[in-house]
Structures are given as structure tokens and as C-alpha cells.
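Residues per chain, in single letters:
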Amino acid sequence: PPTPPAADGLPAWMSGPAGEPSPPAAPTPPAADDNGGFLSEAELPAWLRAMQNREAAQAAEAAAPPATPPAPTPVETGEDEIPAWLRALSGVEEEILPIEIASPSGGLAARPVRVIRARPPREGAVQVFERLLAPLPVVAPLPAAARSPMLARLIPDRLAHLLLLIVVVGMWLVNPLDPLGVSPPQTGDGAAFYNQITTLPVGKPVLLVYDWDASRYGEMHALSHAVTALLHRTSRPFATISTQPEGPGFALQTTAEVIAGADAINCDAVAKSAPNPWPGAYGTRYLHLGYRPGSEAGLAELVSLNILDVQPGDLVCNHAMNRAPLLNGAPTLHQFGAIVLLAGDEHPLHLWIEQVHTQIPSLPLLAALPESGRPAALPYLPPQNDQATVAQRSKTPLYSAVFGLAGAQELEARAIGSGPPDSAAQNLLGRRLHTESAGLFFLALVLLVGFVAGAYRWINRRSSSP
């Protein structure tokens, strides 16, 4: 049976003295709202009944219609503590006002309604919006900065290029004033080279060795062109050969540049002419033997054996050369008139001197080398080149040697000088040199004018600055 609460709000079993059992209470008859053996509301502690009463009051307050909210209590704040920008924004934008409306029971009830008021436009806001919507105005270009009078007189780049083109074309069309006076200087080695070629016996061909690669194309192509032109203009037959794989290609190119029709050889006519002599200039005035492999061993066979056994077919048509007129009178290397070595470095020079000249010392060996090959060739040249005799040159491995672009120009000038004084080739050389000189002079003049103008501008800027 439930125990009635004590006077202090605690159950009877908790209010007795510690350690003493409380006397049993008399049984109480069950109330009308019996909870089936659980504690009734009267038997709950006072603090729990207070919580239940508070929750019931809150539920009743929530179910009641909303009343007019009390006005907020103003907070006293010093006006000096509020910033000016905050006071300017203190305008009321939103308010909650009570409005009486008809209730379902027939009376009037007050209900809060939110009222939002529009803020007045700020000063200048409308003008800014109008400027954003307005089309972009057309901006007039800024006036160009005033240029100094000296800079205004300078020649523009396109005009300078046009004047340079006019100068070059004019000097090319007009004959040089003195074509004979533009020849490059002549040296003793160049004279010995030219005399050895022009004094060869008739019918003795020249072996032209192309032992250079593409890394030396700038100088060696000019030297190869000059030597080939000298042999062609002096009507000396020649055969090309190379111990380097790139050499035969350069031989075909240079020969085609010097001899007209050398790039269009009729191989069918050559094949049908056997065993008769080959028609045309190929095989008679020039012949391409091609690539000779084997380095030292290959040159040893070339010196000791017949050329037809060593190189049975030519480079262009790959036909048998046993009936080529150029080799009829010189089937071996001993019967050639001279060897001209076109070497790109010192290795081919040592190779031909050691493997060929030592076996055939009577065969003149001439060399055309780049300027970097001069130190390697000097020990093999005769002393006092300008005054060396033929006997002195025959005792040295190299009969003569020319170097670089200067040697190429000297050989071309000597080949041109061997013709009539009014020959077209001599006039062509004079035109080239005069045109190049005029172009360089005009470029130097333009650079000088630009330098003087820049210095003048810099001096004026320094003097005008405070």
C-alpha cells in the first residue's frame, strides 16, 4: 500500500530517524482515481508536483490566443557611444503593428502584422544607375607624343631596306669601274698550283679526291668548285674518287655546277656504246669512280693494282669502265698527271701522303684545305713558298696547297685570267665583288647614322633633365 508523504514533503519511510524502522501505517482505502498500484498525484513529492504544474501552465499559455506584445524596454545608451555612420542607418525599415481582425466567435481579436517600409534612396544612387545603363562613350585617341626633330628625320626600316635593295641591284646592273683591279692577291702556292695543272701533258688525267664531309661544306665547297672550274676551263680531264661515304655525292653536285649537262647523263647511250668509246663528255672529260672503301688497305690496292680491277663500275651508271676513253691512256694511278686532294681535315692528308705519295713519289700531290688545315700542311710544304723552284717542290710530299676561301678566290681569278681580258667570267667576278662592297658600305653608313642619332638623343635628354 502507498505510504502517505510526511509533513516535510518526504515519504514516511525517509523521515524517520536513521536506523529506526518506522511504524507501519494504517491501511488507507483506495481513492476513486486509483492508478492500479502506482503512486497517485497526492503521493508525489512537492518538487515533482511543482514541475508538473509549470508544464501545465505553459501548455495553457500556448493554447491561448496571442496577446499584444509588450513594448520593448528601451536600453539606455549614451549617444556619444554610437558612431555617426550607425546613427545614419538607424532608420526603421520593418515594424510589427497590432491589427484588429474579426474572430470566428464574432468578436474582435488583435493580431500582429509585419509592416516593411521602403528606405528613401541615397544621394547619387539614381545617377550611378543611369550611368551604368548608358552606352559607352566613344573615347577619342590620345594625341601622339611629340617626337624630337632629330628622331623625325631618321630613316624608317622599310625605307632603309628599299634603299639597300636599290643599291645592290644598281651595282649589279652597272659594269664595275675596274674589273681587273678587283682580283684577290696572288701567292706563290696559288701560282704553283695553277702552273702544275696547266702544264700537264695532254691525255694525262687528274685524280680529284673528295675527302670532306658536310661539317666543312662552307670552305670545301668553294675550294672544290674552284678546282673543278680550273680543270674544266683549262681542258684537263679528271676522275673523282672518295674514301668517305659522303664524298661521291659532293663530287656529283660540284661537277654539275661547273659542267653543263653533268646532272643529266644518258646512261642508256653509255651502255649501248660498248665496246665503242662512250659518247659525250662523261667518260671522256670527266668520270666518277665513286667510293673507295678500306682506308689504308683500299689505297694500297689502288696504288698497286689496275684501276679497272679496283673500281670495275662507275658511280653514275654502274657500267664497266674498261672502254672509257679517260682510262684508256691511264689504266693505273702511276700514269695520272697529278692528284688534287680536297681534304676536310688532317687525317685524309696524312693518309694520302703515307699510303700514296710514299709509293709514287714522282706523282705531284696538290692539296686544297680549309684554313684550319694550314698548320697540319706546313711541315709537308717546301720552304719559302714564294720562291720555291720545281726541283724543291718535287722533294716535298706536297707540291702546293691553297687554303680556305682566299685560296678558292685566287684559283677562280687565275682561271678567269687565263681567258680573254673581256671574258664574261672576269666581268662576273668584278660585279660580285663591287656589289658586295657597295652593300657593305651602305650598311655601315646606316649603322653610323643610327649611332650618331642615338648619341645625339641621349645628350639632349641628359641636358634637359633637371
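Structure: see above.
Our subject in this report is the structure included herewith. Just so it is clear, the model here is predicted, and its values are computed rather than measured.

What counts and what doesn't
- Residues numbered from 1 in each chain as written.
- Predicted model: local features only at pLDDT ≥ 70, side-chain atom pairs only at ≥ 80, totals over all residues.
- Heavy atoms only, no water.
- Helix = DSSP H or I, 4+ residues; strand = E, 2+ residues; numbered from the N terminus.
- Contact = heavy atoms within 4.5 Å.
- Areas by Shrake-Rupley, 256 points an atom, 1.4 Å probe, with all protein chains shown as cover.
- Phe/Tyr/Trp six-rings, centres within 6.5 Å; stacked < 30°, edge-to-face > 60°.
- Buried < 20%, exposed > 50% of the residue type's maximum accessible area, 1.4 Å probe, protein only.
- Pairing = 2+ DSSP bridges.
- Axes fitted to C-alpha atoms, helices over the stretch in contact; angles between N-to-C directions.
- Expected span 1.5 Å × (residues − 1).
- Polar contact = N/O pair within 3.5 Å; in protein donor to acceptor, adjacent residues only side chain to side chain.
- Parallel < 35°, antiparallel > 145°, perpendicular 65-115°, else oblique.
- Left-handed = near helix turned anticlockwise from the far one by under 90°.
- Nonpolar A, V, L, I, M, F, W, Y, C, P; charged D, E, K, R; others polar.
- Patch = residues over 30% accessible without salt bridge, like charges linked within 9 Å, V, L, I, M, F, W, Y side chains within 5 Å.
- Salt bridge = Lys/Arg side-chain N within 4 Å of Asp/Glu carboxyl O.

1. Digging into the overall build of the protein
Now for step 1: The number of helices and strands found in the protein is 18 helices and 8 strands.
Now for step 2: Taking the intrachain contacts of the protein between residues at least 6 apart in sequence as the baseline, contacts between residues at least 24 apart amount to 73%.
Now for step 3: With an accessible surface of roughly 30,000 Å², the protein has 61% of that area assigned to carbon and sulfur atoms.

2. Observations concerning the environment of Cys317
Now for step 1: Note that Cys317 resides in the loop between helix H12 (307-310) and helix H13 (325-328).
Now for step 2: Sequence separation of Cys317 and His288 is 29 residues, and the distance between their C-alpha atoms is 9.6 Å.
Now for step 3: Apart from the residues lying within four places of it in its own chain, the contact partners of Cys317 are Ile265 and Cys267.

3. What about the packing of aromatic side chains?
Now for step 1: The final tally for this structure, using the stated rule, is 6 aromatic pairs.
Now for step 2: Ring centres of Tyr210 and Trp212 lie 6.5 Å apart, and the angle between their planes is 35°; on these two criteria the pair is classed as tilted.
Now for step 3: Where Trp212 meets Phe250, the ring centres are 4.2 Å apart and the plane angle is 15°; that geometry is what we call stacked. Of this pair, Trp212 sits in the loop between strand S3 (206-211) and helix H8 (217-233) while Phe250 sits in helix H9 (residues 247-258), and the two are 38 residues apart along the sequence.
Now for step 4: The class for Phe250 is buried, based on a relative accessible area of 13%.

4. Section: the sheet that holds strand S7 (residues 365-369)
Now for step 1: Read across the sheet, 6 strands follow the order S5-S4-S3-S6-S7-S8 without closing on themselves; strand pairing throughout is parallel. Edge positions in the open sheet fall to strand S5 (286-291) and strand S8 (400-403), since each of these has one partner strand only. Going from strand to strand, the sheet's axes swing by 15° on average, the running direction of each strand aside.
Now for step 2: Both strand S6 (residues 338-343) and S7 contribute to a ladder of 4 bridges, which runs parallel. The residue bridging Leu342 from the neighbouring strand is Ala368, located in S7.

5. What about helix H14 (residues 346-357)?
Now for step 1: Given a rise of 1.5 Å per residue, 12 residues ought to cover 16 Å, and the 15 Å separating the end C-alpha atoms of H14 matches this to within 8%.
Now for step 2: Within the sequence span of H14, burial applies to Pro348, Leu349, Leu351, Trp352, Ile353, Val356 and His357.
Now for step 3: Check the buried side of H14 and you find it contacts S3, helix H11 (296-304), S6, S7 and helix H15 (374-377).
Now for step 4: The backbone nitrogen of His347 has a side-chain oxygen 3.2 Å away, supplied by the residue at the start of H14, namely Asp345.

6. Here we look at the side chain of Thr240
Now for step 1: Position of Thr240 among the secondary structure elements: in strand S4 (residues 238-242).
Now for step 2: Those residues within four positions of Thr240 in sequence are excluded, and the remaining contacts are Leu208, Tyr210, Ala251, Leu287, His288, Leu289 and Gly290.

7. What about the packing of H8 against H9?
Now for step 1: The N-to-C vectors of H8 and H9 enclose an angle of 50°; their axes lie 9 Å apart at closest approach. As summarised for this structure, H8 and H9 are arranged oblique, according to the angle between their axes. The hand of the H8/H9 crossing is right-handed. Note on element contacts: H9 touches H8 through Phe250, Gln253, Thr254, Glu257 and Val258, opposite Tyr217, His221, Ser224, His225, Thr228, Ala229 and His232.
Now for step 2: Of the residues that constitute the contact of H8 with H9, the class distribution is 4 nonpolar, 7 polar and 1 charged.

8. So, a nonpolar patch on the surface
Now for step 1: Taken together, Leu159, Leu162, Leu163, Leu165, Ile166, Val169, Leu173 and Val174 make up a surface patch of nonpolar side chains, about 720 Å² in accessible area.
Now for step 2: Relative to the assigned elements, Leu173 resides in helix H6 (residues 157-173).

9. Side note on unusual backbone geometry
Now for step 1: The residue Ser235 is not glycine, and still its phi comes out positive at about 60°.
Now for step 2: On the secondary structure map, Ser235 appears in the loop between H8 and S4.
Now for step 3: Even without glycine at this site, Ser295 takes up a positive phi of about 55°.
Now for step 4: Its place among the elements puts Ser295 in the loop between S5 and H11.

10. A closer look at the pattern of salt bridges
Now for step 1: Throughout the structure, instances matching the rule amount to 3 salt bridges.
Now for step 2: The salt bridge partner of Glu301 is Arg292, with a shortest N-O separation of 2.5 Å.

11. Focus on the packing of helix H7 (residues 188-198) against H8
Now for step 1: Running from N to C, H7 and H8 point in directions that differ by 40°, and their axes come no closer than 10 Å. The two elements H7 and H8 meet at a crossing, and its hand is right-handed. Here Phe193, Tyr194 and Ile197 of H7 come into contact with H8, specifically with Val227, Leu230 and Leu231.
Now for step 2: A per-class count over the contact of H7 with H8 returns 6 nonpolar, no polar and no charged.

12. Notes on the pairing of S5
Now for step 1: Most of S5 is tucked away, with 5 of its 6 residues classed as buried.
Now for step 2: In this structure, S4 lies alongside S5, joined through 5 bridges in parallel fashion. By the bridge assignment for S5, Ala239 is matched with Leu287.

13. Looking at the pairing of S7
Now for step 1: The buried fraction of S7 is high, at 5 of 5 residues.
Now for step 2: Both faces of S7 are covered, namely the face carrying Leu365, Ala367 and Leu369 and the face carrying Leu366 and Ala368.
Now for step 3: Sheet analysis places S7 next to S8, joined by 4 bridges and oriented parallel. Opposite Ala367, over in S8, you have Ala401 as the bridge partner.

Functional significance is not addressed by these values, which are geometric in nature.
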